[in-house]
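An overview of the molecular structure
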Amino acid sequence: MESPPPATASPGAPTAHPGSIVGILAFAGIVAALTQTLVVPLIAQLPTLFDTSASNASWVITATLLAAAVSTPVAGRLGDMYGKRRMLLVSLVPLILGSVVCALSSSVIPMIAGRGLQGLGMGVVPLGISLLRDVVPAEKLGPSIAIMSASMGVGGALGLPFAAAIAENTSWRVLFWVVAALALAVGALILALVPADRPATTVAGRFDLPGAIGLGAALITLLLAVSKGADWGWASATTLTLFATALVLLPAWGWWELRRRDPLVDLRVTARPQVLMTNTASVLVGFAMYAQSLVVPQLLQLPEATGYGLGRSMLAMGLWMAPAGLMMMAMSPVGAKLSAAKGPKVTLAVGSLLIAAGYGLSVPLIGSGSPWSLLLVTLVCNSGVGFAYGAMPALIMSAVPQSETASANSFNALMRSIGTSFAAAVIGVVLARMTTDFGGFPLPSENGFRVAMLIGCGVGLAAAVVAALIPVRTTKAPLDPPAPTTAPTRAHQEA
């Protein structure tokens, strides 16, 4: 992958060794990912803690999902316009404020508001990946991208035992104070040691506010329908209305973006075959990655009397899940070497096949009575995720001009997020429909878990097929400058 030389820092600007920069940005990604799993140990306690219903308490998770989906593409575009390091620091502000609001909350409304603010900081990872292109030497870019991408898995995996240990031994409020302190530390390190990138001079100076509102509205209606459909009923008027609204808003938003001189997302760049196919694979990988994280924790925690549950506590479950996240980090340099030798397309395909193999391996192991078998499944699956997550940004950045790097990476992160949302909905339906009676309570059945894992296997295989079909540029010539990519839009607008 061709990459321009790193940006030259102005006199007095912070400088650090490339390895330190990657470490700081990876630390930022881990802290952002921690917020995703932070409330998992609290889910069952939230209705009691805030004297509310389980349905209202579920918005503590949904609010973060929606805020992250809306803010990520906006942060990417602003990063291209005003500088990725600057937007990284800006993104940390709502993450810190949201953590403080949650820590001080005594009712569910401010808790939901705080979690929404935390979701606004989820642009940290794609912004960090994009910043690497500007501040890391070209020969170190591939491994750096892989490490930064793996940080999400590490943060998510370590978040479970971290949150469970704190919640079991001290006040749940400590969780949010710790995250606020970590985010403050990340901001201080970025200010002190990470050099500033140059905002692209070719990016138009006017922010596409109508495009941001339109995309936000479309994503909120779509993801609300997907994430709350099981609670409201898939055939309910509310769910169907939200799906119908999303089907109207998304094409209308696309029409608007194609007529803009300075769009929020340049759909002409996004429609390039390499970018389009990579984003398609990203949706599938996001689905496949998330499905096992819904199944394995339940198998670890269900009572042994079911015949297939392992009866572990929340803390023990988190500890059994943690090695899988560390495996992502361990495999990231291996994936980077494979990308350097064979190209990121091959790495993405191999990673998808590994995910599928992990799911296939799980089918005979479910009900084995050993947590070691589930640990093996998560290690294989997350090895594949580590390969895939490192390859996708490399494929995206090799196909877009530098002025579109943050926007394109943020859009790719959004595609992965949409995949995880659909995984939660589909696997949730499967486990809700395929149940067994246990002491008068319905629990997901052993066959239900097997079907869920087979679905993950099929989606992983589909991702491998899509990856194999990605038409990668084979020339060493630099990408076309951004101007020609926007010129048709300008001409269209004048016409």
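All of the points below concern the structure found in this document. Small disclaimer: the values here were computed from a predicted structure and weren't measured.

**Regarding the overall build of the chain**
- Along the backbone of the chain there are 19 helices and two strands.
- A compact globule built from 495 residues should have a C-alpha radius of gyration of about 23 Å, and the chain, at 22 Å, falls within 12% of that.
- Taking the principal axes of its C-alpha atoms as reference, the chain extends roughly 65 × 45 × 45 Å.
- With 495 residues in all, the chain has 54% of them scored as buried.

**Thoughts on helix H16 (residues 371-397)**
- The terminal C-alpha atoms of H16 lie 39 Å apart, and with 27 residues this matches the ideal 39 Å at 1.5 Å per residue to within 8%.
- Most of H16 is tucked away, with 23 of its 27 residues classed as buried.
- Of the residues that open H16, the one with a side-chain oxygen 3.1 Å from the backbone nitrogen of Trp 372 is Ser 370.

**Points about the nonpolar core**
- Counting residues in hydrophobic clusters, the biggest one holds 51 residues, and the most contacted among them are Leu 25, Leu 88, Leu 132, Ile 190 and Leu 414.
- Other than its neighbours up to four places away in sequence, Leu 414 contacts Ala 69, Pro 73 and Leu 219.
- Residues Val 296, Leu 302, Leu 348 and Ile 470 belong to the second largest nonpolar core, which totals 48 residues.

**Notes on the pattern of salt bridges**
- Enumeration over the complete set of coordinates arrives at six salt bridges.
- The partner of Asp 134 in a salt bridge is Lys 84, and the shortest N-O contact between them spans 2.8 Å. Pair noted here: Asp 134 is in helix H7 (residues 124-135) and Lys 84 is in helix H5 (residues 84-104), with a separation of 50 residues, a long-range link. Each member of the pair, Asp 134 as well as Lys 84, carries the same accessibility label: buried.
- For Asp 231, the salt bridge identified is with Lys 228, shortest N-O distance 3.6 Å. You can see Asp 231 and its partner Lys 228 sitting in helix H10 (residues 209-232), three residues apart, about one turn around the helix.
- Owing to a relative accessible area of 1%, Lys 228 belongs among the buried residues under this scheme.

**Remarks on the pairing of strand E2 (residues 441-444)**
- Note that strand E1 (residues 435-438) and E2 share four bridges and pair antiparallel. Of the residues in E2, the one forming a bridge with Thr 435 is Pro 444.
- As consecutive antiparallel partners, E1 and E2 are separated by two residues, and within that stretch Gly 439 has a phi angle of approximately 60°, a positive value.

**Section: the environment of Pro 110**
- Locating Pro 110 in the fold gives a position in helix H6 (residues 108-119).
- Here the alpha-carbon distance between Pro 110 and Arg 77, two residues 33 residues apart in the chain, equals 29 Å.
- Residues contacting Pro 110, with those up to four places away along its chain left out, are Val 101 and Ser 105.

**A closer look at the environment of Gly 335**
- Of note, Gly 335 is situated in helix H14 (residues 314-342).
- Put simply, Gly 335 and Ala 391 are 56 residues apart on the chain and 7.6 Å apart in space, counted from C-alpha to C-alpha.
- Residue contacts for Gly 335: discarding those within four places in its chain leaves Thr 347 and Phe 387.

**Observations regarding the side chain of Gln 274**
- Assignment of secondary structure puts Gln 274 in helix H13 (residues 273-301).
- There is a polar contact of 2.8 Å between the side chain of Gln 274 and the backbone oxygen of Leu 395.
- There is a polar contact of 2.8 Å between the side chain of Gln 274 and the side chain of Ser 398.

**Considering the packing of aromatic side chains**
- One pass over the full model with this rule turns up five aromatic pairs.
- Their ring planes at 45° and their centres at 6.5 Å tell us that Trp 59 and Trp 232 sit as a pair that is tilted. Taken together, the positions of Trp 59 in helix H4 (residues 59-82) and Trp 232 in helix H10 put the pair 173 residues apart, joining distant regions of the chain.
- Residue class for Trp 59 comes out partly exposed when judged on its relative accessible area of 24%.

**As for the side chain of Thr 378**
- Mapped onto the fold, Thr 378 is located in helix H16.
- Among the polar contacts made by the side chain of Thr 378, one reaches the main-chain carbonyl oxygen of Leu 375 at a distance of 2.8 Å.
- What Thr 378 contacts, discounting residues up to four positions off in sequence, is Gln 292, Val 296, Met 321 and Ala 324.

**Observations concerning the packing of helix H15 (residues 344-365) against helix H18 (residues 446-468)**
- At their nearest, the axes of H15 and H18 sit 8 Å apart, and the two run at 165° to each other. One way to sum up the angle between H15 and H18 is to call them roughly antiparallel. Crossing angle aside, the handedness with which H15 passes H18 is left-handed. Between H15, through Lys 345, Leu 348, Ala 349, Ser 352, Leu 353, Ala 356, Tyr 359, Gly 360, Ser 362 and Val 363, and H18, the contact on the second element is made entirely by Arg 450, Met 453, Leu 454, Gly 456, Cys 457, Gly 460, Leu 461, Ala 463, Ala 464, Ala 467 and Ala 468.
- Of the residues that constitute the contact of H15 with H18, the class distribution is 14 nonpolar, five polar and two charged.

About the thresholds
- Residues numbered from 1 in each chain as written.
- Predicted model: local features only at pLDDT ≥ 70, side-chain atom pairs only at ≥ 80, totals over all residues.
- Heavy atoms only, no water.
- Helix = DSSP H or I, 4+ residues; strand = E, 2+ residues; numbered from the N terminus.
- Rg over C-alpha atoms; globule rule 2.2 N^0.38 Å.
- Buried < 20%, exposed > 50% of the residue type's maximum accessible area, 1.4 Å probe, protein only.
- Expected span 1.5 Å × (residues − 1).
- Polar contact = N/O pair within 3.5 Å; in protein donor to acceptor, adjacent residues only side chain to side chain.
- Core = buried A, V, L, I, M, F, W, Y, C linked by side-chain atoms within 4.5 Å.
- Contact = heavy atoms within 4.5 Å.
- Salt bridge = Lys/Arg side-chain N within 4 Å of Asp/Glu carboxyl O.
- Pairing = 2+ DSSP bridges.
- Phe/Tyr/Trp six-rings, centres within 6.5 Å; stacked < 30°, edge-to-face > 60°.
- Axes fitted to C-alpha atoms, helices over the stretch in contact; angles between N-to-C directions.
- Parallel < 35°, antiparallel > 145°, perpendicular 65-115°, else oblique.
- Left-handed = near helix turned anticlockwise from the far one by under 90°.
- Nonpolar A, V, L, I, M, F, W, Y, C, P; charged D, E, K, R; others polar.

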